[in-house]
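Chain by chain, the residues run as shown.
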Amino acid sequence: MSGTSLDGVDLALCRFHRNEQNRWLFAIECAETIPYPPHWQQTLKEAIHLSNERLPLLDEEYTAYLAQLIQVFMERHTTGEIDAVCSHGHTLFHQPETGFTLQLGNLPELAKLLKQTVVCNFRIQDVALGGQGAPLVPIGDRLLFGAYDFCLNLGGFANGSFESEGLRIAYDICPVNVVLNYYAEKLGKKFDDGGRLAASGKLNESLLQSLNDIAFYAQPAPKSLGMEWVHSHIFPVLDGSGLEIVDLLRTYTEHVAYQLSLQFKPDQKVLVTGGGAYNDFLISRLKNYVRNEIIIPESQLIEFKEALVFGLLGVLKLRGEINCLASV
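Residues numbered from 1 in each chain as written. Predicted model: local features only at pLDDT ≥ 70, side-chain atom pairs only at ≥ 80, totals over all residues. Heavy atoms only, no water.

**Section: the packing of helix 6 (residues 177-186) against helix 10 (residues 245-261)**
The condition that has to hold: Convention adopted: a line fitted to C-alpha atoms gives each axis, helices being fitted over their contacting stretch, and angles between N-to-C directions are expressed from 0 to 180 degrees. Strands are runs of DSSP state E lasting at least two residues, helices are runs of H or I lasting at least four, and both sets are numbered from the N terminus onward. Angles below 35 degrees are treated as roughly parallel, those above 145 as roughly antiparallel, those between 65 and 115 as roughly perpendicular, and all remaining angles as oblique. Less than a right angle of anticlockwise turn of the near helix away from the far helix marks a crossing as left-handed, whereas a clockwise turn marks it as right-handed. Two residues form a contact once any of their heavy atoms are found within 4.5 Å. Gly falls in the polar group here, along with every residue not listed as nonpolar (Ala, Val, Leu, Ile, Met, Phe, Trp, Tyr, Cys, Pro) or charged (Asp, Glu, Lys, Arg).
The interhelical angle for the contact between helix 6 and helix 10, taken along N-to-C directions, is 165°, at an axis separation of 10 Å. Relative to helix 10, the element helix 6 lies roughly antiparallel. Crossing handedness for the pair helix 6 and helix 10: left-handed. Of helix 10, the residues touching helix 6 (which contributes Val-179, Leu-180, Tyr-183, Ala-184 and Lys-186) are Ile-245, Leu-248, Leu-249, Tyr-252 and Thr-253. Looking at the contact of helix 6 with helix 10, its residues break down into eight nonpolar, one polar and one charged.

Shown next, in the form of structure tokens:
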């Protein structure tokens, strides 16, 4: 899979089995992120503006590129004896309110090139049925990480999931790394390492209030976000403030920490994964707002939990079992 933060393609070789109590257990046998070369990073960043004629060509090119990466990974780490390749691909458009979502890299050519069973296009059917199509990880949170009260993912976007009255509730919370990386790049950095740039800036209370007043945050779940929303609702507010970039990073980090803090009940044990778990300043600001037990696991789970769960979604599909929750 590829996240909206555009750091690269995540590949994981995973094994799943059920124990005698019918609980799912897992092992990530090996995993790696293949960074995007500059031309692919730039292409995907600009792809949101492509014409309808050019998009199918990009999808073909990306599918072939993905197949190449998967093939090399398999040759390096397997004997070729796997059950399936479970491909999330790269989300380019996500507009559930219009019934449209597009993940590049899931064309039938993927199965032909790899000569493997492929499970893919995880979001489309849910959106076609009137759902949000995101987040999809919560069924994995329920089946694999039920020991935690709240599962929080800090990727390009923050999303979380938890159990409430027998239902798994999940939704996107706010943009995170898609915004922080964007402004860090303006300072010549790929990302704000440890949140040190943000920590050097000044908090602007007026901008913080404007961000917290955005209507999306008051909407009930289920709800989800896409890059189009960031371009229309977040960047104009930040760019219109006229602040120095480090002050934007400082204030936006505070905004994220505050929005995250509103999601937890006081006694919940919170598992934090995704690249944002490495943002020490963001985590410290979150802990400033809450008294929850914030658990940051080993690096492999931080970085590859989503890839792991999409593997599980593929396994559930192969078994003819539910792999998408209507409550989400």
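There is more to say after this.
**Here we look at unusual backbone geometry**
Each neighbour pair has its own omega, and for Ala-134 with Pro-135 the value is -15°, a cis peptide bond. Across the junction of Ala-221 and Pro-222, the peptide omega takes the value 0°, indicating a cis bond. Tracing the backbone through its elements, the reader meets Pro-222 in the loop between helix 8 (205-212) and helix 9 (227-239). Here Asn-22, not a glycine, exhibits a phi torsion of approximately 65°, which is positive. Following the sequence through the fold, Asn-22 ends up in the loop between strand 1 (8-18) and strand 2 (24-35).

**Things to note about the environment of Lys-223**
The cut-off we apply is this: Here a polar contact is taken to be a pair of N or O atoms separated by no more than 3.5 Å, where protein atoms must pair a possible hydrogen donor with a possible acceptor and residues adjacent in sequence count only if both atoms sit in side chains.
The topology assignment puts Lys-223 in the loop between helix 8 and helix 9. Sequence-wise, Lys-223 and Pro-266 are 43 residues apart; in three dimensions their C-alpha atoms are separated by 23 Å. One polar contact links the side chain of Lys-223 to the main-chain carbonyl oxygen of Gln-219, over a distance of 2.8 Å.

**Thoughts on the environment of Ala-170**
With respect to the secondary-structure elements, Ala-170 resides in strand 9 (residues 167-175). For the pair formed by Ala-170 and Asn-159, sequence separation is eleven residues and the distance between their alpha carbons is 7.2 Å. Setting aside anything within four residues of it in sequence, one finds Ala-170 in contact with Pro-135, Pro-138, Gly-160, Ser-161, Ala-221, Pro-222 and Val-328.

**Overview of helix 12 (residues 299-318)**
We apply this condition: Expected span of a helix: the number of residues minus one, times 1.5 Å. One axis is fitted to the seven residues ending at the residue and one to the seven starting there. The bend at that residue is the angle between these axes.
Its 20 residues place the ends of helix 12 29 Å apart at the C-alpha level, agreeing with the 28 Å of an ideal helix rising 1.5 Å per residue. The sharpest bend along helix 12 comes to roughly 60°, located at Lys-305. Gly-320 sits one or two positions beyond helix 12 and adopts a positive phi of about 70°.

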